[in-house]
Amino acid sequence: MKTQYHINDKGFYGDFGGAYIPELLHSNVEELLQNYKTVLNDDKFKEELKTLLRDYVGRPSPLYYSNRLSQKYGAQIYLKREDLNHTGAHKINNTIGQILLAKHLNKKRIIAETGAGQHGVATATVCALLGLPCIVYMGETDIKRQAPNVEKMRLLGAEVRPALSGSKTLKDATNEAIRDWINNPEDTYYIIGSVVGPHPYPDMVAQFQSVISEEIKQQLKEKTGNENPDYVIACIGGGSNAAGAFYHFIDEPSVKLIAAEAAGKGIDTNHTAASISIGTTGIIHGSKTLMMQTSDGQIVEPYSISAGLDYPGVGPMHAHLAETGRVKVIAITDSDALSAGYELCKLEGIIPALESAHALACLNHISFKEDDVVVINLSGRGDKDLETYTKHLPHGKQN
Ligand SMILES: *Cc1c(COP(=O)(O)O)cnc(C)c1O
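Since we're looking at a predicted model, the values are computed, not measured.

Student: Before we move on, could you go through the overall build of the protein chain and cite the residues and values that matter?
Tutor: Across its full length, the protein chain carries 16 helices and 14 strands. In terms of overall dimensions, the protein chain is globule-like: its C-alpha atoms have a radius of gyration of 20 Å, near the 21 Å expected for 399 residues. Across its three principal directions, the C-alpha atoms of the protein chain cover 55 × 45 × 45 Å. Counting over 399 residues, the protein chain shows a buried share of 57%. Counted over contacts in the protein chain with a minimum sequence separation of 6, partners at least 24 positions apart contribute 73%. Across the protein chain, 39 positive and 47 negative side-chain charges occur, with their mean positions spaced 3 Å apart.

Student: Describe the nonpolar core, and please don't skip the residues or the numbers.
Tutor: In terms of nonpolar packing, the biggest core is built from 85 residues, with Leu101, Tyr189 and Phe246 touching the most fellow members. With 6 residues, helix H4 (residues 91–104) is the single largest residue contributor to this core. Each of domain 1 (20–53 + 91–200) and domain 2 (60–88 + 210–392) contributes no fewer than three residues to this core. Those residues within four positions of Phe246 in sequence are excluded, and the remaining contacts are Ser213, Val232, Ala234, Leu257, Ile258, Ala259, His318 and Val327. Judged by nonpolar contacts, the second largest core, of 36 residues, contains Tyr231, Tyr342, Leu347 and Leu360.

Student: Describe the confidence of the model for the protein chain, and please don't skip the residues or the numbers.
Tutor: The pLDDT averaged across the protein chain works out to 96; a share of 99% of its residues lies at or above 70. The element-level mean pLDDT for the protein chain is lowest in helix H6 (residues 140–145), coming to 91, with strand E9 (residues 231–236) highest at 99.

Student: Now, about the sheet that holds strand E13 (residues 327–333): what can you tell me, with residues and values included?
Tutor: Taken in spatial order, the 6 strands make up an open sheet running E3-E4-E14-E9-E10-E13, and their pairing is mixed. Single-partner strands in this sheet number two, and they are strand E3 (63–65) and E13. Shown here is a sheet whose adjacent strand axes are inclined to one another by a mean of 25 degrees, direction ignored. Of the strand pairs in this sheet, E9 and strand E14 (residues 373–378) are connected by 3 bridges, and their pairing is parallel. Residue pairing across strands places Ile233 opposite Ile376, the latter belonging to E14. Across the sheet, helix H10 (residues 211–224) is in contact with E3, strand E4 (76–81) and E14; its angle to E4 comes to roughly 140 degrees. Strand contacts of helix H14 (residues 334–348): E3, E4, strand E10 (256–264), E13 and E14, with the helix running at about 90 degrees to E13, the strand carrying the most contacts.

Student: Any chance you could break down the UniProt feature "domain: Tryptophan synthase beta chain-like PALP" (unreviewed entry) in the protein chain for me, citing the residues and the numbers?
Tutor: Here the UniProt-annotated "domain: Tryptophan synthase beta chain-like PALP" (unreviewed entry) positions come out as residues 58–380. Regarding residues 58–380, the helix share stands at 40% and the strand share at 21%, and the terminal C-alpha atoms are separated by 14 Å.

Student: Tell me about the domain arrangement of the protein chain, residues and numbers included.
Tutor: How big an interface is tends to be stated in terms of the accessible area lost upon association of its parts. You can read the domains of the protein chain as domain 1 (20–53 + 91–200) and domain 2 (60–88 + 210–392). Here the C-alpha centroids of domain 1 and domain 2 sit 24 Å apart. Taken together, the 19 residues of domain 1 in the interface contact 24 residues of domain 2. Applying the counting rule to domain 1 against domain 2 returns 0 salt bridges. Taken together, the connections running from domain 1 to domain 2 amount to 5 residue pairs in polar contact (both at pLDDT 80 or more). Of all the secondary structure elements, the ones that give two or more residues to the side of domain 1 that touches domain 2 are H4, helix H5 (118–130) and helix H8 (170–183). The dominant element in the side of domain 1 that touches domain 2, judged by the number of residues it contributes, is H8, at 3 residues.

Student: With reference to specific residues and values, describe the UniProt feature "modified residue: N6-(pyridoxal phosphate)lysine" (unreviewed entry) in the protein chain.
Tutor: The sites that carry the UniProt feature "modified residue: N6-(pyridoxal phosphate)lysine" (unreviewed entry) are, in the present numbering, Lys91. Relative to the assigned elements, Lys91 resides in helix H4. Not counting chain neighbours up to four residues away, the residues in contact with Lys91 comprise Gln118, His119, Ala122 and Gln209.

Student: Break down the packing of aromatic side chains for me, citing the residues and quoting the values.
Tutor: Summed over all chains, the structure comprises 8 aromatic pairs. On the basis of an interplanar angle of 85 degrees and a centroid distance of 5.1 Å, the ring pair of Tyr231 and Phe368 is categorised as edge-to-face. Residue Tyr231 is found in strand E9, and its partner Phe368 is found in the loop between helix H15 (354–361) and E14; the two are separated by 137 residues along the sequence. Like Phe368, Tyr231 is buried. By the ring-pair criterion, three or more aromatic residues cluster together here, those being Trp181, Tyr190 and Tyr201. Above the plane of the ring of Tyr231 lies Lys256, whose end atom (NZ or CZ) is 4.8 Å from the centre. The ring of Tyr303 is capped by Lys265, whose NZ or CZ atom sits 5.1 Å from the centre of that ring.

Calculation notes
- Residues numbered from 1 in each chain as written.
- Predicted model: local features only at pLDDT ≥ 70, side-chain atom pairs only at ≥ 80, totals over all residues.
- Heavy atoms only, no water.
- Helix = DSSP H or I, 4+ residues; strand = E, 2+ residues; numbered from the N terminus.
- Rg over C-alpha atoms; globule rule 2.2 N^0.38 Å.
- Buried < 20%, exposed > 50% of the residue type's maximum accessible area, 1.4 Å probe, protein only.
- Contact = heavy atoms within 4.5 Å.
- Lys, Arg positive; Asp, Glu negative; His and termini not counted.
- Charge placed at Lys NZ, Arg CZ, Asp CG, Glu CD.
- Core = buried A, V, L, I, M, F, W, Y, C linked by side-chain atoms within 4.5 Å.
- Domains from an automatic or database assignment.
- pLDDT = per-residue confidence, 0-100.
- Pairing = 2+ DSSP bridges.
- Axes fitted to C-alpha atoms, helices over the stretch in contact; angles between N-to-C directions.
- UniProt positions renumbered as here; feature names shortened; annotations may be inferred.
- Salt bridge = Lys/Arg side-chain N within 4 Å of Asp/Glu carboxyl O.
- Polar contact = N/O pair within 3.5 Å; in protein donor to acceptor, adjacent residues only side chain to side chain.
- Phe/Tyr/Trp six-rings, centres within 6.5 Å; stacked < 30°, edge-to-face > 60°.
- Lys NZ or Arg CZ within 6 Å of the ring centre and 35° of its normal.

Laid out in structure tokens, this is it:
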């Protein structure tokens, strides 16, 4: 029997996924479940989404043939330039989709959770665009660590509400957002930022991000005559940019799919976010998936140099793709990601997000044939990471 990689009607990818939610949230999630497929397939919705992705986000994002990387690694290497999107990353593909869905469901108020603030900024942006009030929950610790993103959200008109419990980070912000949603079931829409959370979020977010692989196919066909590459490489935090880059290739067995997760200081240290490599099955954010936890089920605080990969779980789709062997997972350390980031700056004049630098670092872990076509999803730009790049530049050296 052919392995099924997509969700079944209960929202499971193999053993992973589902909707493990408190009873009080049932009606909110059920409303979404009953409506999302119809709305996403509605012609008017599709037209509105297409227009905004083109004129506001700037899609299609270019597929750029990287001459110097290709020479260095002995393959035909292309970069999918999600870094050139409005707000500087792929996250806007999802928030644009979900805000239009919220509008079609007649919701009047938007909430979101954010860790590093990237998803918060992408949500505040689309709320400004549609004139909807936006409340972003963010851990108090993260508010201090990520001040520029907090300022951006406020500038865009969003209210940033601090989560004061626990470690005052992403998981606590998520709890606050869920509490808000329970208390405001009628008029509020909750925009989740990755392919995580209860069904139907992982499927819905993957569909919104799938525009990435849809474009890659068209662009490769034009450039090479063949719409399928030999490799697609993407980094994984929750897994939304990887889901989008893999989506239309999952059922093409000739395309090798590679996911880079954050090893942090190493997967055998206590400073890592490699939730597939070292995780075990558990329930996080309403979904059954691989997560970093202690033997008694406490979530382990993740660590990565890159804020966007600093997440203790992974979307259920990726847990399944990794378990079935469809996706090969490579854990990339902070220092390997930094080196790959510096290399792209120097070889191509592109400063990648530290998250995307993890995907680039995979080039050192694969032996290619000269004519292999390799697509790396450049999920975002590195302006937000300048301080980190500068701080770690070997002392006294120029890159
Ligand atoms: C948030 C972020 C990621 C990680 O999120 P995914 O859902 O795994 O894609 C990766 N790259 C960038 C640039 C990000 O902002």
